[in-house]
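A structural walkthrough
Below are the chains, spelled out letter by letter.
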Amino acid sequence: MLTRPDVAVVGAGPVGLAIAWRCAARGLRVVVHDPAPGSGASHVAAGMLSPVAEAYFGEHELTGLLAESAARWPGFAAELAEAAGTDLGYRTEGTLVVGLTGDDLAEAGRLWSYQQGLGLPITPLRPSQLREREPALAPRVRGGAVAPGDHQVDPRRLVAALRTAAEQAGAVLVPGAVARLADVDARVTVVAAGCGAAALTGLPVRPVKGQVLRLRAPGGAAPELRYVIRGYADGESVYLVPRTDGEVVVGATVEERADTEVTAGAVLRLLRAAVDLVPDLAEYELAEASAGLRPGTPDNAPILGALPGRPGVLAATGHHRHGVVLTPVTADLITELVVTGVADPLLAPFTPARFTGRDGDGRAPAVEARRPRPDRSASEEERTWS
Ligand code: GLY
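**Observations concerning the sheet that holds strand β13 (residues 247-251)**
What the eight strands build is an open sheet, ordered β5-β6-β4-β11-β12-β13-β10-β14; its pairing is mixed. For this open sheet the edge positions go to β5 (123-125) and β14 (285-296), each flanked by a neighbour on one side alone. Taken over all neighbouring pairs, the strand axes of this sheet differ in orientation by 25° on average, direction set aside. Note: strand β10 (residues 206-216) against β13, five bridges, orientation antiparallel. Paired with L213 across the two strands is V250, which belongs to β13. Against the sheet, helix α4 (residues 102-117) engages β4 (95-99), β5, β6 (143-147) and β11 (228-233), with an angle of about 130° to β11.

Encoded structure:
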């Protein structure tokens, strides 16, 4: 790229790439800096699109944003699959929340009563109804509920598709780490660097370790499971995410640690909970055990918007447990902020100003497109680029 970019995105995970795609599609000149695109939290993530089963006590604003983003997912997935020409592993069968023992069911039921109280779509099922929907569940599972709007996508396929779509729209990937924002030359810089945002911006983003397993059905068959299972099993919380290609993702620990070692104890606990809930999983191959670092924040909500006192710098980070589900809404709102300079009211609860102790008006310098949108002809594009 010969001229100064309009937008530099730091971080090529789902959030950074989706912002790059959206901005490039609006005719902006975009570069994305990352030494290893897609190698952060999303590489480990299971890809649950779970606005209901992940709605927790006291997180009202976040729950609203999760619902908003989940509502954008069907359109986002269709548009991206079309743009990239690939299958994202997007599945809409829904999620079953289940409790193994009476105590587990009581814990799960307390949370879904809260979720129902917010008007979220989750419906308790009798044990027979549960097994009708998912016969692979252990007979001793005591009960559960269905959240039909909690879906899934394969984050590794998602990242690959976003990279293709962003590059096709004109974004340029620059393989390299950004040590200081001062080294980035662009009209607007978007920091979408996950945990790396802390060192670049001083924002309170901390690593929250998650260990995750990937099992594989014998003989390359599809897993018996159809639904995403969010289970409570003898006090352990576990989720099982079945893919059509035979993989079942089993997650995840939540640890206040910054290393990415896989520990025997975590593997043991995850597998025990998984096999207690779905006994057939004992026959599956243990294909992968990995650990990633979620970008956590003090209130568990993302940090989105203009950095006070740092003209031209926007944050899109701190997505913690929700990076994949929040990708569409984050990309849409940050792109709109870049293009118009005006923050959508949806961003108000998530501004960096809530942590920086300095008031910002949330505005950013509006960046007008200086090149044609990518749907114009190549010759037209060549003429306009300088
Ligand atoms: N979203 C699930 C997790 O972070 O473990």
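**Some points on the layout of surface pockets**
By volume, the second largest pocket is sized at about 320 Å³. Around the second largest pocket sit 20 residues that line it, and Y56, E107, R230, Y232 and S237 are the ones nearest its centre. Elements represented by at least two residues in the lining of the second largest pocket include exactly α4, β11, β12 (236-242) and α8 (264-277). Broken down by element, the lining of the second largest pocket gets its largest block of residues, four residues, from β12.

**A short note on the site of the ligand**
Every residue close to the ligand is listed here: M48, E54, Y239, A252, R294 and R321. Within the contact set of the ligand, an oxygen atom lies 2.7 Å away from a side-chain nitrogen or oxygen of R294. Take R321: an N or O atom from its main chain is 2.7 Å from a nitrogen atom of the ligand.

**Some points on the packing of aromatic side chains**
The tally for this structure, following the rule as stated, stands at four aromatic pairs. Look at W21 and F76: their rings are 5.8 Å apart centre to centre, the planes differ by 70°, and that puts the pair in the edge-to-face class. Here the residue W21 occupies a position in helix α1 (residues 14-25), and F76 occupies one in helix α3 (residues 60-84), the gap between them amounting to 55 residues. This pair shows no difference in class: W21 is buried, exactly as F76 is. Taking 4.6 Å as the distance between ring centres and 45° as the angle between the ring planes, the aromatic pair formed by F57 and Y114 counts as tilted. You can see F57 sitting in the loop between β3 (48-49) and α3 and its partner Y114 sitting in helix α4, a full 57 residues away along the chain. A residue is classified by how much of its surface remains accessible, and Y114, at 17% relative accessible area, is buried. In this structure, R22 is placed above the aromatic ring of W21, and the distance from its NZ or CZ to the ring centre is 4.6 Å.

**Notes on the environment of D185**
Along the chain, D185 falls in the loop between β8 (172-174) and β9 (188-191). With relative accessibility at 49%, the residue D185 sits in the partly exposed group. Sequence spacing of D185 and V31 is 154 residues, and the spatial spacing of their C-alpha atoms is 10.0 Å. The contact partners of D185, leaving out residues within four places of it in the chain, are R4 and P5. Among the polar contacts listed, one links the side chain of D185 to the side chain of R4, at a separation of 2.8 Å.

Quick notes on the rules
Residues numbered from 1 in each chain as written. Predicted model: local features only at pLDDT ≥ 70, side-chain atom pairs only at ≥ 80, totals over all residues. Heavy atoms only, no water. Pairing = 2+ DSSP bridges. Helix = DSSP H or I, 4+ residues; strand = E, 2+ residues; numbered from the N terminus. Axes fitted to C-alpha atoms, helices over the stretch in contact; angles between N-to-C directions. Contact = heavy atoms within 4.5 Å. 1 Å grid on protein atoms, 1.4 Å probe; cavity = no way out; pocket = protein on both sides within 12 Å on 5 of 7 lines; lining within 4 Å. Points joined across faces, edges and corners; volume = space filled by probe spheres on them. Near = heavy atom within 4 Å. Polar contact = N/O pair within 3.5 Å; in protein donor to acceptor, adjacent residues only side chain to side chain. Phe/Tyr/Trp six-rings, centres within 6.5 Å; stacked < 30°, edge-to-face > 60°. Buried < 20%, exposed > 50% of the residue type's maximum accessible area, 1.4 Å probe, protein only. Lys NZ or Arg CZ within 6 Å of the ring centre and 35° of its normal.

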